Amino acid sequence: MPLSIDRRRALATISCFVAAPILAPRVGRAAEAWPIRQVKYVNGFPAGGATDTLSRVICQKMSELSGQSFVVENKGGAGGVLGADAIAKAPPDGYTVGLGGIASNVLAIGSYAKLPYQPREDFTFISGMWQLPNILTAKKGLFSADLKELLAAFKKEPGKYTYASAGFGTTLHLSGEMMNSMAGVQVRHVPYRGGAPALNDLLGGNVDLLFDNLPGSLPSVRSGAIRAVAVTAKTRLAELPDVPAMAELLPGYELTSWAGLVGPANMPADLVAQINALTGKALRDSWVKQRYADLGATTWPTTPQEISAYRDSEEARLLPIMKAAGIKPEGG
C-alpha cells in the first residue's frame, strides 16, 4: 500500500535526525580553524643565538598574519635534543610546535647512543624554514686569521688549540670534526649549551676558535670584535666575499645547517596543511626574506612531504661523514 504524503514527511524528518549525529562531527573537524589561541614554539637552543633570532623573526610574522601569539620557549641543552623531546611529547593539536632540523632530527642519531625520542617517527614534519652556512671565527688575539696559516699551526702543535660550538652533535661540532679529519689536525672541541654562550667565551678570549651559524657571529665579525677565518659553504658568500670557503683548502668540505618546523607525531592532515600554509606565507613575506638575508640565512618553505624526504636524505648523507670524522655516540 503506498505511503501517504504525511507518513513520507515524517519518515524523512526522522532520517535527518538519525543522520545528523553521524555527519555533524565530521563537518566540525574539517572546518575547525587554527590557531584560535596562543601557540608555543619550542627552540632547543638558548636565547640570543642564531636559531633564536631566526625563530623569533618567523614567529613574529606568523603572529601578525594569524592574529594569535606565537611564543618562543627556549629549552636548550644536548644539541637541541631536550627541546625536540618536549615537542615530541606534546599533544598533537598544533599548539606546541617548534624547531626541528639537522641537529635534533639527524645528527643526534650519530651523536647519542640513546635518544628520548625517535628522530623520524615521533614528529610531524610540517615545513622547511631556513638554510644557512656555518662560519669559523677566531678570537682577536690569535696570531692569524688566515686558514692556511692556522692549519699549519694546528699540525705543528696537536691539541694546543680549541674550538667552541653550540653543543655536542650539532652541525657546528661536525664542522670542527670534519676540519680535523680532512686536514689531519687535532683542535680540541669545547661544547656549550648554545651559540650565544660559546660566542661570549670567544669574545672573552677563553677559546681560540668558534664554529657558529653565520647569523650568530656575523654582527661580531662586522664590528671587528672577532675575525672571520672561513665559511662552511661550498663557495664564498656574498655577505663575506673576502672570507674563503673551507673547500678552497679542503676539497669536498661542505656543510649547511637547515631547520624545519615540526610538531608531535599523529597531527591531523588538515591541521598540518593549515600550519604549512601559514608558515609558507610568512616565509614568502618580503620583510622576513630581507631579515633572513641580512643575517646570512635563506628562507626555505617546503611541503610536509618535501621536508620529510629531505630529512631522510640528510641522514643517509651525514651519518657516514660523522663516523669518518670520529664522532662517537655518547652514553653508550
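One can find the structure itself at the top, above this paragraph.
Rules used in this analysis
Residues numbered from 1 in each chain as written. Predicted model: local features only at pLDDT ≥ 70, side-chain atom pairs only at ≥ 80, totals over all residues. Heavy atoms only, no water. Helix = DSSP H or I, 4+ residues; strand = E, 2+ residues; numbered from the N terminus. Contact = heavy atoms within 4.5 Å. Polar contact = N/O pair within 3.5 Å; in protein donor to acceptor, adjacent residues only side chain to side chain. Core = buried A, V, L, I, M, F, W, Y, C linked by side-chain atoms within 4.5 Å. Buried < 20%, exposed > 50% of the residue type's maximum accessible area, 1.4 Å probe, protein only. Salt bridge = Lys/Arg side-chain N within 4 Å of Asp/Glu carboxyl O.

Chemist: Mind showing me how you'd approach the environment of Ala88 here?
Modeler: As for its placement among the helices and strands, Ala88 is situated in helix α3 (residues 81–88). Distance from Ala88 to Pro119, taken between C-alpha atoms, is 9.1 Å for residues 31 residues apart in sequence. Once residues within four sequence positions are removed from consideration, Ala88 is found in contact with Tyr117, Asp122, Phe123 and Pro264.

Chemist: How should I be thinking about the side chain of Thr232 in this particular structure?
Modeler: Secondary-structure assignment places Thr232 in the loop between β8 (227–231) and β9 (256–264). Separated by 2.6 Å, the side chain of Thr232 and the backbone oxygen of Leu255 make a polar contact. Setting aside its immediate chain neighbours within four residues, Thr232 contacts Pro133, Asn134, Ser175, Phe211, Met246, Tyr253, Glu254 and Leu255.

Chemist: Which parts of the structure should I look at to understand the nonpolar core?
Modeler: One broad rule of soluble globular proteins: the nonpolar side chains tend to lie buried together. Counting 49 residues, the largest nonpolar core has Phe154, Leu174, Met179, Leu209 and Met246 as the members making the most contacts within it. Once you skip the residues sitting within four places of it in the chain, Met179 turns out to touch Leu136, Leu151, Phe154, Gly184, Val185, Val187, Phe211, Met246, Leu250 and Tyr253. Judged by nonpolar contacts, the second largest core, of 32 residues, contains Trp130, Ile275, Leu278 and Val288.

Chemist: Is there a simple way to think about the pattern of salt bridges in this case?
Modeler: With the rule as written, the count across this model stands at 13 salt bridges. Arg56 serves as the salt-bridge partner of Asp52, at 2.8 Å between the closest nitrogen and oxygen. Of the two residues, Asp52 and Arg56 are both situated in helix α2 (residues 50–66); the distance of four residues between them amounts to about one turn of the helix. Assessed through its relative accessible area of 36%, Arg56 is described here as partly exposed. Residue Asp312 pairs with Arg120 through a salt bridge whose shortest N-O separation is 2.8 Å. On the criterion of sequence distance, the pair formed by Asp312 in helix α11 (residues 304–324) and Arg120 in the loop between α4 (102–111) and β4 (123–138) is long-range, its members being 192 residues apart. With relative accessibility at 26%, the residue Asp312 sits in the partly exposed group. Note on Arg120: relative accessible area 38%, which makes it partly exposed.

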